[in-house]
Amino acid sequence: MQLSKSLLLAGLMSAGLLAPCLKAHAEDGIIRHPADHFPISTAVEVPAGASTIYLSGMGAPVQDKTAPAKSLEAYGDTQTQTLASLQRIEGELKKLNLTMGDVVQMHIYMVADPRTKQLDFPGMMKAYTQYFGTAKQPNLPVRSAFAVAQLANPGWLIEIEVTAVRPGKK
């Protein structure tokens, strides 16, 4: 069953997940212009002097080591894979002394689940909204989600790449 965008947004608003996103200006000089009714920014302005960090695309690590290698069962459904991919990204950012709040752009590449023959956009959003647009981490990146025929790993349903910004010295 697919959630409609309006139902998803209503749930996010009632849970208080979009309210913290309404403030566009940050202390670091980065200006985010949030979408009216969706947990992404429509634009992000980065001040001069900031460093730009590009992270390679990351998919989920194996979740079930007993499943066949490179199988869907080894990596999980879209929600599971999205969450695991975001955890990997968070770990890579931490090594660079950055956080998910420093992410300004995100590209999400998605493959249809072979069982349903459909993209699980709601599953991706359930994991995404655990990291972006929360009271703890209100910063929203600009984001695009793409349907692709396949990814390098046949067990992956999702691969995510991000661009982060390290504000310049004041």
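Residues numbered from 1 in each chain as written. Predicted model: local features only at pLDDT ≥ 70, side-chain atom pairs only at ≥ 80, totals over all residues. Heavy atoms only, no water.

Enquirer: It is not clear to me how the overall build of the protein chain should be interpreted in this structure. Could you clarify?
Expert: Looking only at helices and strands, the protein chain has four helices and six strands in total. Counted from the first residue to the last, the protein chain has its helices and strands arranged as α-β-β-β-α-α-β-α-β-β. Within the span of the protein chain, comprising 170 residues, buried residues form 43% of the whole. Put simply, of all contacts in the protein chain between residues at least 6 apart along the chain, 73% involve residues at least 24 apart. Total accessible area on the protein chain is roughly 9,300 Å²; 55% of this is exposed by carbon and sulfur atoms. (Helix = DSSP H or I, 4+ residues; strand = E, 2+ residues; numbered from the N terminus. Buried < 20%, exposed > 50% of the residue type's maximum accessible area, 1.4 Å probe, protein only. Contact = heavy atoms within 4.5 Å. Areas by Shrake-Rupley, 256 points an atom, 1.4 Å probe, with all protein chains shown as cover.)

Enquirer: Would you mind going over the packing of helix H3 (residues 78–95) against helix H4 (residues 121–128) with me for this structure?
Expert: The description of two packed helices rests on the angle between their axes and on the distance between the axes. Axis separation between H3 and H4 bottoms out at 7 Å; the angle between their running directions is 35 degrees. The handedness of the crossing between H3 and H4 is right-handed. The residues of H4 that touch H3, namely those facing Thr78, Gln79, Thr82, Leu83 and Leu86, are Gly123, Met124, Lys126, Ala127 and Tyr128. (Axes fitted to C-alpha atoms, helices over the stretch in contact; angles between N-to-C directions. Left-handed = near helix turned anticlockwise from the far one by under 90°.)

Enquirer: Got a minute to help me understand the packing of aromatic side chains in this structure?
Expert: Note on aromatic pairs: each is described by the distance of the centres and the angle between the planes. All chains considered together, the criterion is met by three aromatic pairs. Between phenylalanine 38 and phenylalanine 121, the ring centres sit 6.3 Å apart and the planes meet at 15 degrees, which makes this aromatic pair stacked. Of this pair, phenylalanine 38 sits in the loop between strand S1 (31–34) and strand S2 (41–45) while phenylalanine 121 sits in helix H4, placing them 83 residues apart in sequence. The exposure class assigned to phenylalanine 38 is buried, which follows from its relative accessible area of 12%. On the basis of relative accessibility, which here comes to 25%, the residue phenylalanine 121 falls in the partly exposed class. Measuring from ring centre to ring centre gives 5.0 Å for tyrosine 128 and phenylalanine 132, while their planes differ by 20 degrees; the resulting arrangement is stacked. Taken as a pair, tyrosine 128 and phenylalanine 132 share a single burial class, namely buried. It is arginine 143 that lies over the ring of tyrosine 128; its NZ or CZ is 4.5 Å from the centre. (Phe/Tyr/Trp six-rings, centres within 6.5 Å; stacked < 30°, edge-to-face > 60°. Lys NZ or Arg CZ within 6 Å of the ring centre and 35° of its normal.)

Enquirer: Would you take a moment to explain unusual backbone geometry for this structure?
Expert: Backbone geometry places lysine 70, a non-glycine residue, at a positive phi of 55 degrees. Inspection of the secondary structure assignment puts lysine 70 in the loop between strand S3 (51–58) and helix H2 (72–75). A positive phi angle, close to 60 degrees, is found at asparagine 97, a residue other than glycine. For asparagine 97, a relative accessible area of 69% gives the class exposed.

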